[in-house]
Each structure stands twice: as C-alpha cells, then as structure tokens.
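Here are the chains, one letter per residue:
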Amino acid sequence: MKIAAVERSPLHSPAMVDNDRAILDATARKLMQAGHNVRIMPAPPTDEAYDAIITMTRSSDSLDILQSLEESGTPILNRPTAVRRCSRQLFTHILSQNNIPQPPHSIAQSNSAPPREGYPLWIKRADGWSCHPQDVSFVQSPDEAKEAIESMRTRGIERIICSRHIAGDIIKFYGVESSGERAPFFALHHPDANKTKFGLERYNGPCRHHPFDPAYLQATAFAAARAIGLDIFGGDCIVSSDGKIHLIDINDFPSFTAFRDKAAEAIATLTIERVKEKK
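Just so it is clear, the structure is predicted and the values come from calculations on it, not from any experiment.

Basis of the calculations
- Residues numbered from 1 in each chain as written.
- Predicted model: local features only at pLDDT ≥ 70, side-chain atom pairs only at ≥ 80, totals over all residues.
- Heavy atoms only, no water.
- Core = buried A, V, L, I, M, F, W, Y, C linked by side-chain atoms within 4.5 Å.
- Buried < 20%, exposed > 50% of the residue type's maximum accessible area, 1.4 Å probe, protein only.
- Helix = DSSP H or I, 4+ residues; strand = E, 2+ residues; numbered from the N terminus.
- Contact = heavy atoms within 4.5 Å.
- Pairing = 2+ DSSP bridges.
- Axes fitted to C-alpha atoms, helices over the stretch in contact; angles between N-to-C directions.
- Salt bridge = Lys/Arg side-chain N within 4 Å of Asp/Glu carboxyl O.
- Expected span 1.5 Å × (residues − 1).
- Arc of directions from axis to C-beta.

### Focus on the nonpolar core
Inference 1: Ranked by size, the top nonpolar core spans 33 residues in total, and within it Ile-53, Phe-173, Leu-230, Phe-233, Leu-247 and Ile-250 carry the most contacts.
Inference 2: Contributing elements (two or more residues each) for this core: strand E1 (2–6), helix H2 (60–71), helix H3 (80–84), helix H4 (88–97), strand E9 (169–176), helix H6 (214–228), strand E11 (232–239) and strand E12 (245–252).
Inference 3: Non-local contacts of Leu-230, meaning those with residues more than four positions away in its chain, are made with Asn-78, Ala-82, Val-83, Cys-86, Glu-177, Ala-225, Ile-250, Asn-251 and Asp-252.
Inference 4: Residues Ala-5, Ala-52, Met-56 and Ala-264 belong to the second largest nonpolar core, which totals 27 residues.

Written as structure tokens, this is what we have:
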C-alpha cells in the first residue's frame, strides 16, 4: 500500500513540534516494516493517489483538501470533519449532547463583561486549538478574568469559554480505535507539571492519587472520541477527591510521548484495517 502521512504545522504544535513529528515517524516506520510505502509530507497530496492518509494537520486549507480526498474514497485518519469538531466550542457542545461529564461552563463574547462569581475559573478561547500561552488562563477574580479576556480580544479571538475550576488530580489519556476485531489502544498517566506544554497543570497542585475507576474513564474517553468522530485522540480529565471524573479537554492525534511505540503500532494497524474495509 502507498500511504501519506501529513505533518502538523508549528503554529498548531506549540512546544511540541519534535514530539508530534516523532509519533508520525514512528507510525511510518511500523507501516514500512509491514511492507508499505510511506511518504511524510507537510500538506495533503494533490498530485497522486494514496491508499490511505494519516494526518495531524489542523490547517483549514489542508482539511478542505482532505475532505475532497475522503469524498473520493480515500480513508483518512483522523477524518477532517472530526478534526474540525475539536474546536473547544464544538467539542464541549458535543460532550454536553452526549451527557459526558465536564465542568460547568458558559460561552460568551470576548467583548462582554467578566463573570461576577464562581471563581476560580478557566478562561479559554472557544475557537480552534490553544496555540498561545494565554489561550487558556486560570483566573481567581473578575479583574484577572477581565485581563485574560482582553488579551484574547486583542488577538482577534471573538468567543470565549468560562469553565468552572474543579479541584483534583489531572490525568492525561490516549486512545486509538480498532476495527472491532481487537481491543482498541488506551493508556493514561498523571502528568509531570514541570514537563507540560504551557505549565497550567500546576494550578491543580500536587497529585493526590485520588482513587478512580480506569474502566469508566476508558469508556468515557472513547464515548467522547466516538461522538466527535476521532480515531486517534488524547485528552485531559480531572479526578476529584470523591473519584468523580470530568473531561476538560480532548484533541486529535496527540504526540503519545509516554506511549509512542505502542501507539504507533496501533495507528499503523488501524490504517491497514481501514484500507481493507474499503475494499
């Protein structure tokens, strides 16, 4: 098989360029070891046909090209429609529709007054993905919220999400779908607050290792990913002291840094499965 692997642009990969490229390289190696021809490229192919495309891109223009390729019959992982749904405003709406637990939140215009109560809060850009350290801010008062919102407004962000802070342990989770004939890949871990993209995990304090049900977390994570349409995904959740789980983020095609080899094997296997399903 001939397979294309599309990179993520540095704009959409803040502080993670090398790690994002590493999972794509690892997946390509797994496929080549299985006898397939893989070409890694910065944008979707327009000059020749491929049996499948693995993609990390979030570029609107690239997603448009991938949409056309998918409509012509090429298997795309992740599907461009699913990638677009990872915009925070869209995925929070999808989670709400599917009764998937997440913190209480509201959506507002960036020119509106800050919330009067409910602090501490998280102020997040509603559109797209977090590309700037101030796209997500932890605030403890209306004055801090006003400053965070103003920063977003001056950068052209029109809509924001105000999300209630949930005290507890942060857990990062990762998943890769399967064809149904084998178990999907799933992994989780407590992050090191000193080794994260923007360092926001520090606001939750030291990990207390609150007990929780891993099977429930896996079921919840896959329910969220399937509602969005993602084959390859990652995300964050909060486990509170009573063991309750709230999803706070989900995204397409993470770098799988702590689980790269196993994730690459799962992604390669799923790619081959999807091509066979098309035949």
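Picking up where we left off.
### Thoughts on the sheet that holds strand E5 (residues 105–109)
Paired through their backbone hydrogen bonds, the strands of a sheet run either parallel or antiparallel.
Inference 1: Sheet architecture is open: four strands sit in the order E5-E8-E6-E7, paired in antiparallel fashion. Sheet topology places E5 and strand E7 (136–139) at the edges, where each strand pairs with a single neighbour. In this sheet, neighbouring strand axes are inclined to one another by 25° on average, regardless of whether the strands run parallel or antiparallel.
Inference 2: Of the pairings in the sheet, the one linking E5 to strand E8 (residues 159–164) comprises five bridges and is antiparallel in character. Bridging from a neighbouring strand, Ile-107 pairs with Ile-161 of E8.
Inference 3: In the packing of H4 onto the sheet, contacts are made with E5, strand E6 (121–125), E7 and E8, and the angle to E8 comes to roughly 45°.

### Quick word on the pattern of salt bridges
Inference 1: Applying the stated criterion across every chain, the model contains 21 salt bridges.
Inference 2: Put simply, Glu-7 and Arg-21 hold a salt bridge, and the shortest N to O gap is 2.2 Å. Taken together, the positions of Glu-7 in the loop between E1 and helix H1 (17–33) and Arg-21 in helix H1 put the pair 14 residues apart, joining distant regions of the chain.
Inference 3: For Arg-226, the salt bridge identified is with Glu-177, shortest N-O distance 2.4 Å. With Arg-226 in helix H6 and Glu-177 in the loop between E9 and strand E10 (185–189), this residue pair connects regions lying 49 residues apart in the sequence.
Inference 4: Residue class for Glu-177 comes out buried when judged on its relative accessible area of 10%.
Inference 5: Taken together, the shared-partner salt bridges connect Arg-8, Asp-20, Arg-58 and Asp-252 into one network.

### Points about the environment of Gln-134
Inference 1: By the element assignment, Gln-134 lies in the loop between E6 and E7.
Inference 2: Gln-134 sits 132 residues away from Lys-2 along the chain, and the two C-alpha atoms are 40 Å apart.
Inference 3: If we skip the residues at most four places from it in the chain, Gln-134 touches Ser-151, Met-152 and Arg-155.

### Considering H2
Inference 1: Its 12 residues give H2 an end-to-end C-alpha distance of 17 Å, which sits within 8% of 16 Å, the value for a rise of 1.5 Å per residue.
Inference 2: Looking at H2, one finds that the buried residues are Ser-62, Leu-63, Leu-66, Gln-67, Leu-69 and Glu-70. For H2, the angular spread of buried residues about the axis comes to 165°, placing them on one side. What points out from H2, more than 90 degrees from its buried face, is the exposed set Asp-61 and Glu-71.

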